[in-house]
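In case you want the letters, here they are:
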Amino acid sequence: MHRVSTARLTSAPQDVAKAARLLAEGELVAFPTETVYGLGADARNGRAVAAVYEAKGRPQFNPLIVHVADANAAQTLVQWNGNADKLANTFWPGPLTFVLPLLPGHGLASLVTAGLPTAAVRVPCHPVAQALLAEFDGPIAAPSANLSGRVSPTTAEHVLAGLSGRVAAVLDGGACPVGLESTIVDLTDATPRLLRPGGVPAEDLARILGAAPTPADASSPVSAPGQLASHYAPRASVRLDAALPLPGEVMLGFGPMEADLNLSVSGDLGEAAANLFDYLHRLDAMGRPIAVAPIPDVGLGAAINDRLRRAAAPR
Ligand code: TXA
Ligand code: MG
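Since we're looking at a predicted model, the values are computed, not measured. (Residues numbered from 1 in each chain as written. Chains lettered and ligands numbered in written order. Predicted model: local features only at pLDDT ≥ 70, side-chain atom pairs only at ≥ 80, totals over all residues. Heavy atoms only, no water.)

Digging into the packing of aromatic side chains
And step 1. In the structure shown here, the tally under the stated rule is five aromatic pairs.
And step 2. Summarising the aromatic geometry, the rings of F61 and F277 are spaced 6.2 Å apart at their centres and angled 75 degrees between planes, so their arrangement reads as edge-to-face. Note that F61 is positioned in the loop between helix 2 (46-56) and strand 4 (65-67) and F277 in helix 8 (residues 269-284), a separation of 216 residues in sequence. The exposure classification of F61 matches that of F277, with both residues buried.
And step 3. In this structure an aromatic cluster arises from ring pairing among Y53, F61 and F277. (Phe/Tyr/Trp six-rings, centres within 6.5 Å; stacked < 30°, edge-to-face > 60°. Helix = DSSP H or I, 4+ residues; strand = E, 2+ residues; numbered from the N terminus. Buried < 20%, exposed > 50% of the residue type's maximum accessible area, 1.4 Å probe, protein only.)

Notes on unusual backbone geometry
And step 1. A cis amide bond, omega -10 degrees, links W92 with the succeeding residue P93.
And step 2. On the secondary structure map, P93 appears in the loop between helix 4 (82-91) and strand 5 (96-101).
And step 3. Positioned with a positive phi, D137 is a non-glycine residue whose angle comes to about 60 degrees.
And step 4. Looking at where D137 falls in the secondary structure, it is placed in the loop between helix 5 (127-136) and strand 7 (140-141).
And step 5. The exposed category is assigned to D137, whose relative accessible area is 66%.
And step 6. Even without a glycine there, the phi angle at D241 is positive, about 50 degrees.

Put into C-alpha coordinates, the structure is as follows:
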(Lines give C-alpha, C1' and ligand atoms only; values in the text may rest on other atoms or scores of the structure.)
(Ligands and ions follow the chains in the order given, each with its own letter.)
Protein backbone atom coordinates (compact mmCIF):
# COMPACT_ATOMS: atom_id res chain seq x y z
CA MET A 1 0.00 0.00 0.00
CA HIS A 2 1.72 3.19 -1.12
CA ARG A 3 1.16 6.32 0.96
CA VAL A 4 -0.43 9.37 -0.61
CA SER A 5 -1.19 12.71 0.97
CA THR A 6 -4.94 12.92 1.38
CA ALA A 7 -6.41 16.18 0.07
CA ARG A 8 -9.21 17.63 2.15
CA LEU A 9 -11.79 19.06 -0.24
CA THR A 10 -14.83 21.23 0.49
CA SER A 11 -18.28 20.94 -1.09
CA ALA A 12 -17.57 23.98 -3.33
CA PRO A 13 -18.10 23.25 -7.06
CA GLN A 14 -14.39 23.48 -7.98
CA ASP A 15 -13.55 20.96 -5.23
CA VAL A 16 -16.30 18.59 -6.37
CA ALA A 17 -14.91 18.89 -9.91
CA LYS A 18 -11.44 18.05 -8.56
CA ALA A 19 -12.87 14.98 -6.80
CA ALA A 20 -14.57 13.84 -10.03
CA ARG A 21 -11.27 14.25 -11.91
CA LEU A 22 -9.46 12.13 -9.32
CA LEU A 23 -12.09 9.38 -9.67
CA ALA A 24 -11.74 9.48 -13.47
CA GLU A 25 -7.96 9.03 -13.01
CA GLY A 26 -8.59 5.86 -11.00
CA GLU A 27 -7.92 7.47 -7.59
CA LEU A 28 -10.00 6.93 -4.45
CA VAL A 29 -12.17 9.71 -3.03
CA ALA A 30 -14.15 9.51 0.20
CA PHE A 31 -17.43 11.43 -0.02
CA PRO A 32 -20.46 12.10 2.17
CA THR A 33 -23.79 10.39 1.64
CA GLU A 34 -26.88 10.78 3.82
CA THR A 35 -26.05 7.43 5.49
CA VAL A 36 -22.26 7.29 6.07
CA TYR A 37 -19.15 8.45 4.20
CA GLY A 38 -18.37 6.22 1.24
CA LEU A 39 -14.95 5.29 -0.10
CA GLY A 40 -15.53 5.93 -3.80
CA ALA A 41 -13.91 4.49 -6.90
CA ASP A 42 -14.87 4.41 -10.60
CA ALA A 43 -17.02 1.25 -10.66
CA ARG A 44 -15.87 0.48 -14.22
CA ASN A 45 -12.16 0.49 -13.28
CA GLY A 46 -11.05 -2.83 -11.78
CA ARG A 47 -7.73 -1.43 -10.55
CA ALA A 48 -9.48 1.41 -8.74
CA VAL A 49 -11.93 -1.04 -7.14
CA ALA A 50 -9.04 -3.26 -6.06
CA ALA A 51 -7.48 -0.20 -4.42
CA VAL A 52 -10.66 0.25 -2.34
CA TYR A 53 -10.18 -3.16 -0.72
CA GLU A 54 -6.50 -2.41 -0.23
CA ALA A 55 -7.14 0.97 1.40
CA LYS A 56 -9.71 -0.57 3.77
CA GLY A 57 -7.43 -3.48 4.58
CA ARG A 58 -10.39 -5.73 3.78
CA PRO A 59 -9.39 -9.39 3.94
CA GLN A 60 -12.31 -10.44 1.71
CA PHE A 61 -13.89 -9.25 -1.52
CA ASN A 62 -17.47 -8.42 -0.54
CA PRO A 63 -19.55 -7.05 -3.40
CA LEU A 64 -19.83 -3.25 -3.20
CA ILE A 65 -22.76 -0.86 -3.60
CA VAL A 66 -22.78 1.04 -6.90
CA HIS A 67 -23.93 4.64 -6.52
CA VAL A 68 -25.66 6.30 -9.45
CA ALA A 69 -27.24 9.71 -10.10
CA ASP A 70 -30.80 8.54 -10.72
CA ALA A 71 -33.05 5.61 -11.61
CA ASN A 72 -32.32 6.06 -15.32
CA ALA A 73 -28.63 5.54 -14.68
CA ALA A 74 -29.44 2.44 -12.59
CA GLN A 75 -31.48 1.04 -15.47
CA THR A 76 -28.40 1.05 -17.72
CA LEU A 77 -26.70 -1.36 -15.26
CA VAL A 78 -29.38 -3.69 -13.88
CA GLN A 79 -32.59 -5.34 -15.03
CA TRP A 80 -35.43 -3.20 -13.72
CA ASN A 81 -38.83 -4.50 -12.55
CA GLY A 82 -42.12 -3.38 -11.02
CA ASN A 83 -40.99 -3.60 -7.40
CA ALA A 84 -37.88 -1.55 -8.20
CA ASP A 85 -40.07 1.04 -9.89
CA LYS A 86 -42.43 1.36 -6.91
CA LEU A 87 -39.64 1.58 -4.36
CA ALA A 88 -37.52 3.99 -6.43
CA ASN A 89 -40.49 6.31 -6.93
CA THR A 90 -40.96 6.51 -3.16
CA PHE A 91 -37.47 6.24 -1.66
CA TRP A 92 -34.95 7.41 -4.26
CA PRO A 93 -32.87 9.38 -3.88
CA GLY A 94 -32.35 8.00 -0.37
CA PRO A 95 -30.92 5.32 1.94
CA LEU A 96 -32.25 2.27 0.07
CA THR A 97 -30.18 -0.16 -2.03
CA PHE A 98 -31.60 -2.62 -4.58
CA VAL A 99 -29.98 -5.90 -5.59
CA LEU A 100 -30.99 -6.69 -9.19
CA PRO A 101 -29.65 -8.85 -12.07
CA LEU A 102 -26.89 -7.27 -14.14
CA LEU A 103 -27.71 -6.23 -17.70
CA PRO A 104 -25.47 -7.38 -20.55
CA GLY A 105 -22.95 -4.66 -21.37
CA HIS A 106 -23.22 -3.12 -17.88
CA GLY A 107 -19.54 -2.17 -17.96
CA LEU A 108 -18.95 -2.65 -14.22
CA ALA A 109 -15.66 -4.17 -13.09
CA SER A 110 -16.20 -7.80 -12.06
CA LEU A 111 -14.58 -7.04 -8.69
CA VAL A 112 -17.47 -4.66 -7.81
CA THR A 113 -19.95 -7.52 -7.81
CA ALA A 114 -17.40 -10.12 -6.65
CA GLY A 115 -18.32 -12.07 -9.76
CA LEU A 116 -22.05 -12.27 -8.90
CA PRO A 117 -24.67 -12.04 -11.66
CA THR A 118 -26.37 -9.25 -9.63
CA ALA A 119 -25.38 -5.76 -8.50
CA ALA A 120 -26.37 -3.56 -5.57
CA VAL A 121 -27.38 -0.07 -6.73
CA ARG A 122 -28.49 3.05 -4.95
CA VAL A 123 -29.15 6.74 -5.58
CA PRO A 124 -27.95 8.75 -2.57
CA CYS A 125 -29.77 11.97 -1.67
CA HIS A 126 -26.88 13.88 -0.04
CA PRO A 127 -26.35 17.06 -2.12
CA VAL A 128 -22.55 16.56 -2.21
CA ALA A 129 -22.93 12.93 -3.36
CA GLN A 130 -25.42 14.11 -5.98
CA ALA A 131 -23.04 16.84 -7.15
CA LEU A 132 -20.15 14.37 -7.36
CA LEU A 133 -22.22 11.84 -9.36
CA ALA A 134 -23.38 14.58 -11.76
CA GLU A 135 -19.84 15.85 -12.27
CA PHE A 136 -18.27 12.38 -12.59
CA ASP A 137 -21.10 11.21 -14.87
CA GLY A 138 -20.61 7.49 -14.14
CA PRO A 139 -21.19 4.79 -11.51
CA ILE A 140 -19.24 5.09 -8.23
CA ALA A 141 -18.56 1.94 -6.19
CA ALA A 142 -18.35 2.77 -2.50
CA PRO A 143 -18.29 0.80 0.73
CA SER A 144 -18.20 2.73 3.99
CA ALA A 145 -14.98 4.77 4.25
CA ASN A 146 -13.47 3.05 7.28
CA LEU A 147 -10.73 0.52 7.84
CA SER A 148 -12.10 -3.02 7.76
CA GLY A 149 -13.62 -4.00 11.08
CA ARG A 150 -13.89 -0.42 12.34
CA VAL A 151 -16.93 1.76 12.91
CA SER A 152 -18.50 3.43 9.86
CA PRO A 153 -17.55 7.13 9.47
CA THR A 154 -20.16 9.87 9.64
CA THR A 155 -17.80 12.87 9.45
CA ALA A 156 -14.75 13.77 7.34
CA GLU A 157 -12.69 13.62 10.56
CA HIS A 158 -13.73 9.99 11.09
CA VAL A 159 -12.63 9.21 7.53
CA LEU A 160 -9.25 10.88 7.98
CA ALA A 161 -8.67 9.16 11.33
CA GLY A 162 -8.75 5.81 9.54
CA LEU A 163 -7.79 6.46 5.94
CA SER A 164 -5.50 9.51 5.92
CA GLY A 165 -2.56 8.69 3.65
CA ARG A 166 -4.48 5.80 2.05
CA VAL A 167 -6.90 7.73 -0.23
CA ALA A 168 -6.38 10.66 -2.61
CA ALA A 169 -9.03 12.93 -1.11
CA VAL A 170 -11.96 13.32 1.21
CA LEU A 171 -14.86 15.60 0.30
CA ASP A 172 -16.13 17.26 3.48
CA GLY A 173 -19.90 17.55 3.51
CA GLY A 174 -20.36 17.75 7.28
CA ALA A 175 -22.03 15.13 9.43
CA CYS A 176 -24.17 12.47 7.71
CA PRO A 177 -27.84 13.04 8.59
CA VAL A 178 -28.93 9.37 8.69
CA GLY A 179 -25.77 7.98 10.28
CA LEU A 180 -26.34 4.32 9.50
CA GLU A 181 -26.04 2.39 6.29
CA SER A 182 -28.72 2.01 3.65
CA THR A 183 -31.36 -0.70 3.79
CA ILE A 184 -30.55 -3.42 1.23
CA VAL A 185 -33.41 -5.25 -0.45
CA ASP A 186 -32.97 -8.02 -2.99
CA LEU A 187 -35.55 -7.48 -5.73
CA THR A 188 -34.28 -10.20 -8.06
CA ASP A 189 -37.23 -12.51 -7.39
CA ALA A 190 -40.94 -11.67 -7.19
CA THR A 191 -40.67 -11.90 -3.38
CA PRO A 192 -38.35 -9.14 -2.13
CA ARG A 193 -35.78 -10.13 0.51
CA LEU A 194 -34.44 -7.79 3.16
CA LEU A 195 -30.66 -8.35 3.13
CA ARG A 196 -29.72 -5.60 5.56
CA PRO A 197 -31.85 -3.36 7.75
CA GLY A 198 -30.83 0.30 7.45
CA GLY A 199 -31.94 3.86 6.81
CA VAL A 200 -35.38 2.95 5.40
CA PRO A 201 -37.45 0.91 7.90
CA ALA A 202 -38.80 -2.44 6.69
CA GLU A 203 -42.31 -1.29 7.62
CA ASP A 204 -42.04 1.52 5.07
CA LEU A 205 -41.00 -0.97 2.38
CA ALA A 206 -43.95 -3.20 3.29
CA ARG A 207 -46.34 -0.28 2.89
CA ILE A 208 -45.19 0.34 -0.68
CA LEU A 209 -44.73 -3.32 -1.69
CA GLY A 210 -48.05 -4.41 -0.20
CA ALA A 211 -46.29 -7.10 1.88
CA ALA A 212 -43.29 -7.25 4.19
CA PRO A 213 -40.05 -8.30 2.49
CA THR A 214 -38.77 -11.74 3.55
CA PRO A 215 -36.48 -11.13 6.52
CA ALA A 216 -32.71 -11.61 6.31
CA ASP A 217 -31.58 -15.18 6.91
CA ALA A 218 -28.30 -16.89 7.69
CA SER A 219 -27.09 -16.40 4.11
CA SER A 220 -27.55 -12.63 4.26
CA PRO A 221 -24.56 -10.30 4.00
CA VAL A 222 -25.30 -8.90 7.46
CA SER A 223 -25.01 -12.07 9.47
CA ALA A 224 -22.23 -13.49 7.36
CA PRO A 225 -20.25 -10.71 5.70
CA GLY A 226 -18.50 -11.87 2.58
CA GLN A 227 -19.91 -15.36 2.88
CA LEU A 228 -22.93 -14.98 0.65
CA ALA A 229 -24.22 -18.40 -0.37
CA SER A 230 -24.69 -16.94 -3.82
CA HIS A 231 -21.05 -15.94 -4.14
CA TYR A 232 -19.61 -16.96 -7.45
CA ALA A 233 -17.92 -20.35 -7.39
CA PRO A 234 -16.69 -21.96 -10.60
CA ARG A 235 -18.26 -25.24 -11.68
CA ALA A 236 -14.82 -26.63 -12.41
CA SER A 237 -12.64 -27.96 -9.59
CA VAL A 238 -9.95 -25.59 -8.39
CA ARG A 239 -6.48 -26.66 -7.19
CA LEU A 240 -4.45 -24.07 -5.28
CA ASP A 241 -0.70 -23.45 -4.93
CA ALA A 242 0.02 -25.23 -8.18
CA ALA A 243 3.51 -24.82 -9.64
CA LEU A 244 2.45 -26.34 -12.95
CA PRO A 245 -0.83 -27.56 -14.48
CA LEU A 246 -1.48 -31.32 -14.49
CA PRO A 247 -2.51 -32.82 -17.82
CA GLY A 248 -6.04 -31.58 -18.67
CA GLU A 249 -5.94 -28.61 -16.29
CA VAL A 250 -6.05 -24.96 -17.30
CA MET A 251 -3.59 -22.72 -15.46
CA LEU A 252 -4.33 -19.43 -13.72
CA GLY A 253 -0.93 -17.84 -13.29
CA PHE A 254 0.60 -15.11 -11.18
CA GLY A 255 3.98 -13.53 -11.81
CA PRO A 256 6.32 -14.38 -14.69
CA MET A 257 5.27 -17.87 -15.84
CA GLU A 258 3.46 -19.78 -18.58
CA ALA A 259 -0.30 -19.85 -18.00
CA ASP A 260 -3.62 -19.89 -19.86
CA LEU A 261 -4.47 -16.63 -18.12
CA ASN A 262 -2.15 -14.68 -15.83
CA LEU A 263 -3.58 -12.55 -13.02
CA SER A 264 -0.52 -10.30 -13.17
CA VAL A 265 2.66 -11.12 -15.05
CA SER A 266 4.49 -8.45 -13.05
CA GLY A 267 3.21 -9.86 -9.73
CA ASP A 268 1.07 -6.79 -8.95
CA LEU A 269 -1.64 -7.79 -6.44
CA GLY A 270 -3.91 -4.86 -7.40
CA GLU A 271 -3.87 -5.95 -11.02
CA ALA A 272 -4.45 -9.55 -9.92
CA ALA A 273 -7.48 -8.57 -7.82
CA ALA A 274 -8.95 -6.60 -10.70
CA ASN A 275 -8.62 -9.63 -13.01
CA LEU A 276 -9.61 -12.37 -10.53
CA PHE A 277 -13.35 -12.90 -11.08
CA ASP A 278 -13.24 -12.21 -14.79
CA TYR A 279 -10.46 -14.77 -15.27
CA LEU A 280 -12.19 -17.39 -13.11
CA HIS A 281 -15.29 -17.02 -15.29
CA ARG A 282 -13.24 -17.30 -18.46
CA LEU A 283 -11.31 -20.38 -17.31
CA ASP A 284 -14.50 -21.98 -16.03
CA ALA A 285 -16.02 -21.56 -19.48
CA MET A 286 -13.24 -23.79 -20.84
CA GLY A 287 -14.82 -26.66 -18.89
CA ARG A 288 -11.59 -28.08 -17.44
CA PRO A 289 -10.19 -28.22 -13.89
CA ILE A 290 -8.35 -25.05 -12.87
CA ALA A 291 -4.85 -24.98 -11.36
CA VAL A 292 -3.92 -21.74 -9.59
CA ALA A 293 -0.39 -20.49 -8.98
CA PRO A 294 0.58 -19.49 -5.41
CA ILE A 295 -0.39 -15.91 -4.52
CA PRO A 296 1.57 -14.13 -1.75
CA ASP A 297 -0.68 -13.85 1.32
CA VAL A 298 0.05 -10.16 1.96
CA GLY A 299 -2.00 -7.03 1.28
CA LEU A 300 -4.69 -7.74 -1.32
CA GLY A 301 -3.24 -11.24 -1.62
CA ALA A 302 -5.09 -12.18 1.58
CA ALA A 303 -8.44 -11.31 -0.03
CA ILE A 304 -7.49 -13.03 -3.28
CA ASN A 305 -6.52 -16.20 -1.38
CA ASP A 306 -9.70 -16.04 0.72
CA ARG A 307 -11.76 -16.01 -2.47
CA LEU A 308 -9.67 -18.75 -4.10
CA ARG A 309 -10.00 -20.99 -1.02
CA ARG A 310 -13.80 -20.62 -1.22
CA ALA A 311 -13.69 -21.42 -4.93
CA ALA A 312 -11.59 -24.51 -4.20
CA ALA A 313 -13.61 -25.72 -1.19
CA PRO A 314 -15.38 -29.05 -1.69
CA ARG A 315 -19.07 -28.61 -2.43
O1 TXA B 1 -25.26 3.36 3.19
C2 TXA B 1 -24.59 2.58 2.52
O3 TXA B 1 -25.11 1.64 1.91
C4 TXA B 1 -23.10 2.86 2.40
C5 TXA B 1 -22.93 4.19 1.70
C6 TXA B 1 -21.49 4.53 1.43
O7 TXA B 1 -23.68 4.20 0.52
N8 TXA B 1 -22.42 1.81 1.71
C9 TXA B 1 -22.24 0.57 2.25
O10 TXA B 1 -21.52 -0.28 1.44
O11 TXA B 1 -22.64 0.24 3.34
P12 TXA B 1 -20.84 -1.65 1.95
O13 TXA B 1 -19.93 -2.07 0.84
O14 TXA B 1 -20.25 -1.47 3.30
O15 TXA B 1 -22.01 -2.65 2.05
C16 TXA B 1 -22.39 -3.36 0.91
C17 TXA B 1 -23.27 -4.50 1.30
C18 TXA B 1 -22.46 -5.70 1.69
O19 TXA B 1 -22.96 -6.28 2.88
C20 TXA B 1 -22.64 -6.63 0.51
O21 TXA B 1 -22.58 -7.96 0.89
C22 TXA B 1 -24.00 -6.22 -0.04
O23 TXA B 1 -24.05 -4.84 0.17
N24 TXA B 1 -24.09 -6.45 -1.48
C25 TXA B 1 -23.47 -5.77 -2.46
N26 TXA B 1 -23.73 -6.31 -3.67
C27 TXA B 1 -24.55 -7.35 -3.44
C28 TXA B 1 -25.17 -8.33 -4.28
N29 TXA B 1 -25.00 -8.34 -5.60
N30 TXA B 1 -25.95 -9.27 -3.69
C31 TXA B 1 -26.12 -9.27 -2.35
N32 TXA B 1 -25.56 -8.38 -1.50
C33 TXA B 1 -24.78 -7.44 -2.04
MG1 MG C 1 -19.22 -1.08 5.94
